[in-house]
Amino acid sequence: MCGIIGYSGHRVAVPLIMEGLRRLEYRGYDSAGVAYIQDGALHVVRAPGKLIELDTKLASLNVGGALSGIGHTRWATHGLPNEKNAHPHRDTTGHLALAHNGIVENFQTLRCMLQGEGVTFSTDTDTESLAHLLAKGLREHEGDMLKALSWTLAQVEGSYALAIVRLEEPGVVYGARRHSPLVVGVGEGEHFIASDIPAFLPYTRNVVFLDAGEIVRIDAHSWGVWDAATLAQVHRTPQRISWDVQAAQKSGYKHFMLKEIFEQPRVVADCLAGRLDPAGQGVCLEELAGMPVPKRLHILPCRAVGHASV
Ligand code: GLU
């Protein structure tokens, strides 16, 4: 698990985003990055390792002019945990930047299709295909981001929570989710999206939990949610959260261990989400095609420190 935060409001965005990423550190990560628009350009700054490495890079930059942006802590699933593969990722024009939690199961198909159209990839991640596909969607939908996102997400198999900024819409952050969590923080003259509540809890306790298949758009003064497939607007009422940061990190459980035990069914379901057949009749493990049916299946996490048998 890793972290996403997006912000638009009246505060200087990058330090707030870094602070939010720090409060998501408990989720684990191997690299980090931010994207923000300043002086008419989209800036992306990334670093492998701990957030302090990213802090060091940002210290030499003037980020004081950006009041919106996105940040990401990555837990690599595709491609080494280095700077090149750290999020956010850009399209080839450098006009949009996108951070992603999850796995694009059909990224090879998307990558081949886009390469066939002349797109040059610069990372080894599954995520980069989303940035290029969305850029194509924007071209095909005359820059209408909601339509472009809907068109893009309809072609994606797997799990995602996304945060996106684009040069043409400074002050606006888009998000979307399927299987990976994404919550909206509704503040006074400021709005947030994040993979978990602690990221923005010092600023607002009013929260909207996005459902799978929803798109969100925030700017400093408004927020809205749409069904990704139909683009019908979804009306949601924020809930008031009473937890403190520590309790929010533990989702109300007394200990992290307890939380993680109770999270197991959802985590396993999320990990297998892209491999469930549409009729829900079984799990498709294409890599095992043609092999004898195994008697026992060991499921190993990335960066395994242990394993579970089923
Ligand atoms: N699959 C993406 C990658 O490897 C995102 C990983 C994550 O959720 O941090 O870059």
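See above for the structure.
Residues numbered from 1 in each chain as written. Predicted model: local features only at pLDDT ≥ 70, side-chain atom pairs only at ≥ 80, totals over all residues. Heavy atoms only, no water.

S.K.: Just give me the short version of the environment of Arg296, but keep the residues and values in it.
M.R.: By the element assignment, Arg296 lies in the loop between helix H7 (256-272) and strand S16 (298-299). With relative accessibility at 57%, the residue Arg296 sits in the exposed group. Distance from Arg296 to His78, taken between C-alpha atoms, is 26 Å for residues 218 residues apart in sequence. (Helix = DSSP H or I, 4+ residues; strand = E, 2+ residues; numbered from the N terminus. Buried < 20%, exposed > 50% of the residue type's maximum accessible area, 1.4 Å probe, protein only.)

S.K.: Quick one: what's the story with the sheet that holds strand S13 (residues 223-227), residue by residue and with numbers?
M.R.: Taken in spatial order, the seven strands of this open sheet run S5-S6-S7-S8-S12-S13-S14, and their pairing is antiparallel. Bordering the open sheet on either side are strand S5 (89-90) and strand S14 (233-234), each of which pairs with just one other strand. Taken together, the five bridges between strand S12 (residues 214-218) and S13 define a ladder with antiparallel strand orientation. Each bridged residue has a counterpart across the sheet, and for Arg217 the counterpart in S13 is Gly224. Where helix H4 (residues 128-140) meets the sheet, its contacts fall on S5, strand S6 (96-104) and strand S7 (158-166), and the angle it forms with S6 comes to roughly 130°. (Pairing = 2+ DSSP bridges. Contact = heavy atoms within 4.5 Å. Axes fitted to C-alpha atoms, helices over the stretch in contact; angles between N-to-C directions.)

S.K.: Got a sec to walk through the nonpolar core? Specific residues and values, please.
M.R.: Met18, Val34, Leu54 and Leu58 are the most contacted members of the largest nonpolar core, which has 30 residues in total. Looking at this core, the elements with two or more residues in it are strand S1 (3-8), helix H1 (13-23), strand S2 (31-38), strand S3 (41-48), helix H2 (51-59) and strand S10 (191-194). Per-element tally for this core: the top contributor is H1, with six residues. Not counting chain neighbours up to four residues away, the residues in contact with Val34 comprise Ile17, Met18, His43, Val44, Val45, Leu54, Leu58, Ile70, Gly71 and Pro88. In this structure, Leu96, Leu110, Val119 and Tyr160 belong to the second largest nonpolar core, which totals 29 residues. (Core = buried A, V, L, I, M, F, W, Y, C linked by side-chain atoms within 4.5 Å.)

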